[in-house]
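The chain contents come next:
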Amino acid sequence: MAKLLKGAPVANAITDDLKRRSDELIHRSIAPRLAILRVGNREDDLSYERGAMKRCEKAGIAVTKFILPEECSGAQLSDTIQTINQDPSIHGCLMFRPLPDRELEERACMMLDPAKDVDCMTSRSLATVFSGKGPGFAPCTAQACMELLDYYGIDLTGRNVAVIGRSLVIGKPVSMMLQARNATVTMCHTRTAGLASVCRNAEILVAAAGKAGLVTSEFVRKEQIVIDVGINVNEEGKLCGDVDFDEVEPIVSAITPVPAGVGSVTTAVLAKHVIEAAERVFHRRAFQ
Ligand code: NAD
């Protein structure tokens, strides 16, 4: 039986530290606050929002929600981002992506004050992830994968890792972050030839394709570690990852469950970034 790499212990360890840090900030008259910007009412956004709000409460972070209709205009969206940028009581902003209009999404991302960019929406944050230098925060989910691997003591140096997915939200950044930790990374995508065999050759597999049941027994082997980032709804309406858990779990040595795996850590990382952004404000003020 594979070891279950559950997200809760990782998230709880992060949250305990954050509560101490937010108490310290509040004591110094800075109340950490996250702005959640949601366009429309997608069920997956609502579910993430509930998780993020619960986590922020535990970490001592206040939340202000900005909700726009699905058919909102560019002007409405930019006005909202300006409001968030100009409000000194807000330290971080989470905007649910993708937006119904991808062009609007790109423009919105570029408008956010980089100092409040706690989920890697802006090019400054992306540059930090890709260059390994700078003050930007990594995307919360990509960082959650790293936190999970670290918590369970999984050494990355010299390991062969296959990542399925090349999005700017997960696949590409997590590949860069793994490489920065001296792993040898193969980034796979829809056009990868012999996907199953590329994945089977890896010692660690990170699945972030958004396709329920993509990773079957053909993709894995004994001693492998599987990190399932996917969040999908299967034919029975149940939440599941990209990995066919029942088929893969008996073969590999460790695996994250879905739900209760990477997703739980993602909200803790979001809270961590908000606290760090608020601490930076405190340090700037203290040295002015
Ligand atoms: P995306 O659709 O932007 O990107 C998916 C990537 O996977 C693409 O690069 C594509 O090339 C690749 N891909 C898709 N189907 C493939 C296939 N059959 N074979 C090989 N490659 C394939 O999605 P995303 O935003 O990167 O999200 C990926 C998954 O992660 C989704 O299920 C999403 O819901 C989930 N997600 C999880 C969390 C979390 O906290 N766990 C957070 C955000 C997103």
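Residues numbered from 1 in each chain as written. Predicted model: local features only at pLDDT ≥ 70, side-chain atom pairs only at ≥ 80, totals over all residues. Heavy atoms only, no water.

Draft legend 1. Molecular detail of the packing of aromatic side chains. Counted according to the given criterion, the structure contains two aromatic pairs. On the basis of an interplanar angle of 65 degrees and a centroid distance of 5.6 Å, the ring pair of Tyr48 and Phe96 is categorised as edge-to-face. Taken together, the residues span a long stretch of sequence, with Tyr48 in helix α2 (residues 43-59) and Phe96 in the loop between β4 (92-95) and α4 (102-111) at a distance of 48 residues. We classify Tyr48 as partly exposed; its relative accessible area is 22%. With centroids separated by 5.0 Å and ring planes inclined at 80 degrees, the aromatic side chains of Tyr151 and Tyr152 adopt a geometry described as edge-to-face. (Phe/Tyr/Trp six-rings, centres within 6.5 Å; stacked < 30°, edge-to-face > 60°. Helix = DSSP H or I, 4+ residues; strand = E, 2+ residues; numbered from the N terminus. Buried < 20%, exposed > 50% of the residue type's maximum accessible area, 1.4 Å probe, protein only.)

Draft legend 2. Seen up close, the site of the ligand. As a structural note, the neighbourhood of the ligand is formed by 21 residues, with Thr141, Arg166, Ser167, Ile231 and Thr266 the closest of them. At 2.5 Å, a side-chain N or O of Ser167 approaches an oxygen atom of the ligand. Thr190 has a polar backbone atom sitting 3.3 Å from a nitrogen atom of the ligand. Taking 860 Å² as the accessible area of the ligand by itself, protein coverage stands at 73%. Here the element with the most residues in the shell around the ligand is helix α10 (residues 262-286); it accounts for three residues. Grouping the constituent residues of the shell around the ligand by class yields nine nonpolar, ten polar and two charged. (Near = heavy atom within 4 Å. Polar contact = N/O pair within 3.5 Å; in protein donor to acceptor, adjacent residues only side chain to side chain. Areas by Shrake-Rupley, 256 points an atom, 1.4 Å probe, with all protein chains shown as cover. Nonpolar A, V, L, I, M, F, W, Y, C, P; charged D, E, K, R; others polar.)

Draft legend 3. Representation of the nonpolar core in the model. In terms of nonpolar packing, the biggest core is built from 57 residues, with Leu34, Leu178 and Ile227 touching the most fellow members. No other element matches the eleven residues that α10 contributes to this core. Each of domain 1 (30-115) and domain 2 (140-263) gives at least three residues to this core. In this structure, Leu178 is in contact with Met146, Leu149, Leu156, Val161, Val163, Ala183, Val185 and Val206, ignoring residues within four places of it in sequence. (Core = buried A, V, L, I, M, F, W, Y, C linked by side-chain atoms within 4.5 Å. Domains from an automatic or database assignment. Contact = heavy atoms within 4.5 Å.)

Draft legend 4. Inspection of the sheet that holds strand β5 (residues 160-164) at higher detail. With parallel pairing, six strands are arranged side by side in an open sheet as β1-β11-β8-β7-β5-β6. With partners counted over all chains shown, the strands left at the sheet margins are β1 (3-4) and β6 (184-188), one partner each. Of the pairings in the sheet, the one linking β5 to β6 comprises five bridges and is parallel in character. Bridge assignment links Val163 to a residue of β6, and that residue is Met187. (Pairing = 2+ DSSP bridges.)

Draft legend 5. Just the sheet that holds strand β2 (residues 33-39), in detail. In space, the three strands of this open sheet follow the order β3-β2-β4, with parallel pairing throughout. Each end of this open sheet is capped by a strand with a single partner; those strands are β3 (62-68) and β4. For this sheet, the mean inter-axis angle between neighbouring strands, taken without regard to orientation, is 20 degrees. Relative to β3, β2 runs parallel, the two sharing seven bridges. Its bridge partner being in β3, Ala35 is matched across the sheet by Thr64. (Axes fitted to C-alpha atoms, helices over the stretch in contact; angles between N-to-C directions.)

Draft legend 6. Here's a closer look at the packing of α2 against α10. At a minimum axis distance of 9 Å, the contact between α2 and α10 shows a crossing angle of 50 degrees. In terms of orientation, α2 lies oblique with respect to α10. The chirality of how α2 crosses α10 is right-handed. From α2, Tyr48, Gly51, Ala52, Arg55 and Ala59 reach across to α10, where they touch Ser264, Thr266, Thr267, Ala268, Leu270, Ala271 and Ile275. Considered class by class, the residues forming the contact of α2 with α10 number seven nonpolar, four polar and one charged. (Parallel < 35°, antiparallel > 145°, perpendicular 65-115°, else oblique. Left-handed = near helix turned anticlockwise from the far one by under 90°.)

Draft legend 7. Main features of the environment of Val198. When you line up the elements, Val198 lands in helix α8 (residues 195-201). Beyond its immediate stretch of four places on either side in the chain, Val198 contacts Ala162, Thr186, Cys188, Thr192 and Ala193.

Draft legend 8. Expanded view of the pattern of salt bridges. Following the criterion strictly, the structure yields 14 salt bridges and no others. Across the pair Arg42 and Asp44 runs a salt bridge, and its minimum N-O distance is 2.5 Å. Classification of Asp44 by relative accessible area gives partly exposed; the value is 41%. A salt bridge links Arg97 to Asp119; its shortest N-O distance comes to 3.7 Å. Here Asp119 lies in the loop between α4 and α5 (123-131) and Arg97 lies in the loop between β4 and α4, a separation of 22 residues in the sequence. When its relative accessible area of 22% is taken as the criterion, Arg97 is described as partly exposed. Ionic contacts of the salt-bridge type, sharing partners, join the residues Asp17, Arg20, Arg21, Glu276 and Glu279 into one network. (Salt bridge = Lys/Arg side-chain N within 4 Å of Asp/Glu carboxyl O.)

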